[in-house]
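Notes for the structure review
What follows is each chain in one-letter form.
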Amino acid sequence: MGLDAVMVVVGWFADENTFCYILGFCLITAAVFTSTVLFMRMTEYMKAPDIEGFAAVKHIEAFSHNAGGLLGLWFCLVVVHVSFAFAESSPPCTTYMVMSIMAFASVIFSGMARVKYGRAKKTYNIIYMKANKGNPAAISENLDGLSESERETINMLTDNTVTRNYGPSQTDLFEIVSGTVRETPLESSMGTVEEYVLHSDKDGVVICPFCKKHNDKKYGICIYCGMIIPREAKENNQ
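Because the structure is predicted, anything quoted here is derived from the model rather than measured.

The next point concerns the overall build of the protein chain. Tallying secondary structure elements over the protein chain gives 9 helices and 2 strands in all. Ordered by position in the sequence, the α and β elements of the protein chain form the string α-α-α-α-α-α-α-α-β-β-α. Only carbon and sulfur atoms are counted for the fraction: they give 61% of the accessible area of the protein chain, which is about 13,600 Å².

Below, the discussion takes up the packing of aromatic side chains. Within the structure shown, the criterion is met by 7 aromatic pairs. Both rings, one in Trp12 and one in Phe13, keep their centres 6.3 Å apart while their planes meet at 85°; by these two values the pair is edge-to-face. Given a relative accessible area of 55%, Trp12 falls into the exposed group. Pairwise contacts between aromatic rings join Tyr45, Phe54, Tyr117 and Tyr124 into one cluster.

Relative to the helices and strands, Ser35 is located in helix H2 (residues 18-47). Relative accessible area serves as the criterion here: at 0%, Ser35 is assigned to the buried category. Those residues within four positions of Ser35 in sequence are excluded, and the remaining contacts are Ser64, Phe109, Ser110 and Ala113.

With that settled, the discussion passes to the environment of Pro209. As for its placement among the helices and strands, Pro209 is situated in the loop between strand E1 (205-207) and strand E2 (214-216). Look at Pro209 and you get partly exposed, because its relative accessible area is 32%.

Non-glycine residue Ser89 carries a positive phi angle of around 60°. Inspection of the secondary structure assignment puts Ser89 in the loop between helix H3 (54-87) and helix H4 (94-131). Looking at Ser89, the relative accessible area reads 67%, which means it is exposed. With a phi close to 65°, Lys212 is a non-glycine residue in the positive phi region.

Running from N to C, H3 and H4 cross one another at 150°; their axes reach a closest spacing of 9 Å. Taken together, H3 and H4 sit at an angle that is classed as roughly antiparallel. For the element pair H3 and H4, the recorded crossing hand is left-handed. Residues belonging to the contact of H3 with H4 are distributed by class as follows: 16 nonpolar, 8 polar and 4 charged.

The next point concerns the pattern of salt bridges. The tally for this structure, following the rule as stated, stands at 1 salt bridge. Glu61 is the partner of Arg114 in a salt bridge, and the nearest nitrogen-oxygen pair spans 1.7 Å. Of this pair, Arg114 sits in helix H4 while Glu61 sits in helix H3, and the two are 53 residues apart along the sequence. With relative accessibility at 34%, the residue Arg114 sits in the partly exposed group.

In this structure, Val9 sits in helix H1 (residues 2-13). Using a relative accessible area of 30% as the deciding quantity, one classes Val9 as partly exposed. Residues Val9 and Leu77, spaced 68 residues apart in sequence, show a C-alpha to C-alpha distance of 8.0 Å. Those residues in contact with Val9 that sit more than four places away from it in its chain are Ala14 and Leu77.

This paragraph deals with the environment of Lys212. Turning to its location among the elements, Lys212 is positioned in the loop between E1 and E2. Residue classification places Lys212 among the exposed positions, given a relative accessible area of 58%. Considering only alpha carbons, one finds Lys212 and Cys225, 13 residues apart in sequence, at a separation of 9.6 Å. For Lys212, the side chain forms a polar contact with the main-chain oxygen of Pro209, separated by 3.3 Å.

Residues Val8, Val9, Trp12, Phe13 and Phe19 make up a contiguous nonpolar surface patch of roughly 480 Å² in combined accessible area. Residue contributions to the nonpolar patch peak at 4 residues, all from H1.

Rules of the game
- Residues numbered from 1 in each chain as written.
- Predicted model: local features only at pLDDT ≥ 70, side-chain atom pairs only at ≥ 80, totals over all residues.
- Heavy atoms only, no water.
- Helix = DSSP H or I, 4+ residues; strand = E, 2+ residues; numbered from the N terminus.
- Areas by Shrake-Rupley, 256 points an atom, 1.4 Å probe, with all protein chains shown as cover.
- Phe/Tyr/Trp six-rings, centres within 6.5 Å; stacked < 30°, edge-to-face > 60°.
- Buried < 20%, exposed > 50% of the residue type's maximum accessible area, 1.4 Å probe, protein only.
- Contact = heavy atoms within 4.5 Å.
- Axes fitted to C-alpha atoms, helices over the stretch in contact; angles between N-to-C directions.
- Parallel < 35°, antiparallel > 145°, perpendicular 65-115°, else oblique.
- Left-handed = near helix turned anticlockwise from the far one by under 90°.
- Nonpolar A, V, L, I, M, F, W, Y, C, P; charged D, E, K, R; others polar.
- Salt bridge = Lys/Arg side-chain N within 4 Å of Asp/Glu carboxyl O.
- Polar contact = N/O pair within 3.5 Å; in protein donor to acceptor, adjacent residues only side chain to side chain.
- Patch = residues over 30% accessible without salt bridge, like charges linked within 9 Å, V, L, I, M, F, W, Y side chains within 5 Å.

This is the structure in structure tokens:
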């Protein structure tokens, strides 16, 4: 019953007829166009990354993600149709096979755009953290940067009751705020935020035990090395 339902859907949207050809061509065009625009926007952004400029990248990424997702679903139906066609010794026509190859190449291109977007997003998160002096609560409040899983990561880092695991399976955002991320030449060229020292209120300062820099005690992450400042270091400063 399930296989019959799949074949019905394949017959509607991925068969060898004019409607399916037009549908496939539109999906391929949409995916390639939005991915190309996304590549162009990200290239411009990475030349001079800033907080405001990421909004334009985020906007076109939403279109690229939807177009690529729809094309990916259509290509899965195409694979099912081709598989059954060869199993029945009646291979698809040349036009259909050309469309299939174009769809496969477009899916790969869309995936490459998503990978590059991930790098741009990581750069944006680093800039945002530096602009907010390492406060993890600040980055969780912005509308452009975080997915649901990344918000959960921030919540975990700001919750002192959670046992933290610094294993290799953590997200890029976790690496950024925990200090385990490796700084690239692009990131190092951005410079560091101005050293924050409270001359008039020494009780508001905590010294990071890792890099020995001064930080505002209300923040739990060093704004210089990115490491989480242990609670013991704050207590020893009192």
